[in-house]
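# Working through the structure, step by step
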Amino acid sequence: MVLARRAFTVVQDEHLQHLTGRTLAAETVAAVRSVIGERTPVALHEPSFRGREWQYLKECLDSGWVSTAGEQIKAFEKSLLEITGARHAIAVVNGTAALHLSLVAAGVGRDDEVIVPALTFVATANAVAYCGAIPHFADSEERTLGLAPQALRQYLRDTTQSGPGGTRNRATGRRIRAMVPMHTFGHPADLDGLRDVAEEFGLVLIEDAAEALGSRYQGRHVGRHGLLSTLSFNGNKIVTTGGGGAILCNDDGVAKRVRHLGTTARLARGWSFDHDEIGYNYRMPNLNAALGRAQLEKLPEFIAAKRALAQRYAHAFSAVRGIKFVREPAGTESIYWLNAVLLEPEFAAQRDAILETTNRLGIETRPVWTLMHRLAAFRDCPRMELPVAESIEARLINLPSSAFLASAHA
Ligand SMILES: Cc1ncc(COP(=O)(O)O)c(C=O)c1O
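### Observations concerning the side chain of S401
- With respect to the helices and strands, the residue S401 is situated in the segment after strand 16 (396-399).
- Looking at S401, its side chain comes within polar contact range of the main-chain oxygen of L399, at 2.6 Å.
- Dropping the residues within four chain positions of it, S401 is found in contact with A43, L44, H45, K306, L309, W337, L338 and N339.

Quick look at the structure:
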């Protein structure tokens, strides 16, 4: 009897999987195609160069200034200030270097711990490790896909002790120095909540806004809650410089230090080459800034197109049972850098079938990053329970999100 029931359950499961698997994968393909049309292959995210890129690149070459100084860098940084409302913007070679430099400037050093989401791109954790510090992984919330302030607060209250030297992890005895929330796929994390937690435990707040240039939290550009925040201009971002990044900062002294450290800590004394500490050669080349300057001029267009694309995906997936389109959190305006859907928990087992089918048909989709605590390099790092991040990891799929797709099938 027991055996018979088990056999029946297996058959039923297989039947269900066959049906729902085929249906969900097919429905996903149909929903995506209803938004982006029949064209294939279609990549997850492609850049678009339809502005003054050639003009600024030519100006750059004609000037002879192609390296780490020049007018294009100044213009690029000025545009970043206008867009973000930050007081200082320092262009660097990539978003990872921006994170590293920010952590160093914030005073993160050897054997410090830094709170980072387990659900992030590896650069966030790598940059902490570059400082000789240890990433300490925290859970996310499904509403924002970013760090969960309430759960983090309770965890820190339960596991740390405060003293004159700051907050210490009771289990390791190490100081917890900073927190680096990340705005996943452009959706702003709960910045007010996280700032409160940072203040309660005396942590420096650094926003990893690599994916969120143009996103707003309660009307203001992200990157304004922390002491420092970082951007990436990698080829897959909403705006690209080929490779590049930037640091935003509102504190004059800290910004000065960031510039100094990122310019090999060279002292500005005429022709002499003096350096007062170990610095980094992280300045963005003028050539890359030329490309980025033209791209920034197109940012409003890119944002409008990407938000329109997201609207269409939201509409298309509203009719698909078992799949939920990930919308911007209330009180925010996201650039929807990467569109994402979440499978309802009972359909999580269909994720790979959907990934397999869409990619086989030339529609590039992908799962979210493997969580940081599963990576060999970070397996032994401290962490809280991560139920939400683990659930998101099992259920999330990113969809093609290039800005120009919005007009591909209008
Ligand atoms: C969340 C996050 N942080 C950091 C980075 C690092 O940026 P980069 O690739 O420019 O080094 C990226 C993107 O690549 C990212 O998505």
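### Brief notes about the pairing of strand 1 (residues 88-92)
- For strand 1, the tally of buried residues reaches four of five residues, placing the bulk of the element in the interior.
- For strand 1 and strand 11 (residues 245-249), the ladder comprises five bridges, and the chain directions are antiparallel. Counted as the bridge partner of V92 is G245 from strand 11.

### Considerations on the site of the ligand
- Neighbouring the ligand are 14 residues; G95, T96, E211, S232 and K237 lie closest to it.
- Note that a nitrogen atom of the ligand is positioned 2.8 Å from one of the side-chain N or O atoms of D208.
- Contact between the ligand and K237: an oxygen atom at 3.0 Å from a side-chain N or O atom of the residue.
- In the complex, 92% of the free accessible area of the ligand, which totals 380 Å², lies under the protein chains.
- Looking at which element gives the most residues to the shell around the ligand, the answer is helix 4 (residues 95-105), with three residues.

### Brief notes about the pattern of salt bridges
- For the coordinates displayed, the defined rule picks out 25 salt bridges.
- A salt bridge links R52 to E297; the shortest N-O distance between them is 3.1 Å. In this pair, R52 sits in the loop between helix 1 (2-36) and helix 2 (53-63) while E297 sits in helix 9 (residues 286-297), placing the two residues 245 residues apart along the sequence.
- Look at R52 and you get partly exposed, because its relative accessible area is 42%.
- Here R143 makes a salt bridge to E141, at a shortest N to O gap of 3.4 Å.
- Take E141: its relative accessible area is 13%, and that puts it in the buried class.
- Each member of the salt-bridge network shares a partner with another, and the members are E77, R259 and R283.

### Notes on the domain arrangement of the chain
- If you check the domain split of the chain, you get domain 1 (21-46 + 299-407) and domain 2 (53-297).
- Taking only C-alpha atoms into account, the centre of domain 1 sits 25 Å from that of domain 2.
- The interface of domain 1 with domain 2 comprises 41 residues on the first partner and 49 residues on the second.
- Approximately 3700 Å² of surface area, both sides summed, lies buried where domain 1 meets domain 2, with 70% of it carried by carbon and sulfur atoms.
- The largest contributions to the domain 1 side of the interface with domain 2 come from L299, W369 and M384, which together make up 20% of the buried area.
- The interface formed by domain 1 and domain 2 holds two salt bridges in total.
- In this structure, the salt-bridge partner of K324 is E142, at a minimum N-O distance of 2.9 Å.
- For the pair domain 1 and domain 2, the number of links is 17 residue pairs in polar contact (both at pLDDT 80 or more).
- Taken together, the elements giving at least two residues each to the side of domain 1 that touches domain 2 come down to helix 10 (299-318), strand 13 (332-333), strand 14 (339-343), helix 12 (387-395) and strand 16.
- In the side of domain 1 that touches domain 2, the residues fall into 27 nonpolar, six polar and eight charged.

Reading the values: the criteria
Residues numbered from 1 in each chain as written. Predicted model: local features only at pLDDT ≥ 70, side-chain atom pairs only at ≥ 80, totals over all residues. Heavy atoms only, no water. Helix = DSSP H or I, 4+ residues; strand = E, 2+ residues; numbered from the N terminus. Polar contact = N/O pair within 3.5 Å; in protein donor to acceptor, adjacent residues only side chain to side chain. Contact = heavy atoms within 4.5 Å. Buried < 20%, exposed > 50% of the residue type's maximum accessible area, 1.4 Å probe, protein only. Pairing = 2+ DSSP bridges. Near = heavy atom within 4 Å. Areas by Shrake-Rupley, 256 points an atom, 1.4 Å probe, with all protein chains shown as cover. Salt bridge = Lys/Arg side-chain N within 4 Å of Asp/Glu carboxyl O. Domains from an automatic or database assignment. Buried area = accessible area lost by both parts, 1.4 Å probe. Nonpolar A, V, L, I, M, F, W, Y, C, P; charged D, E, K, R; others polar.

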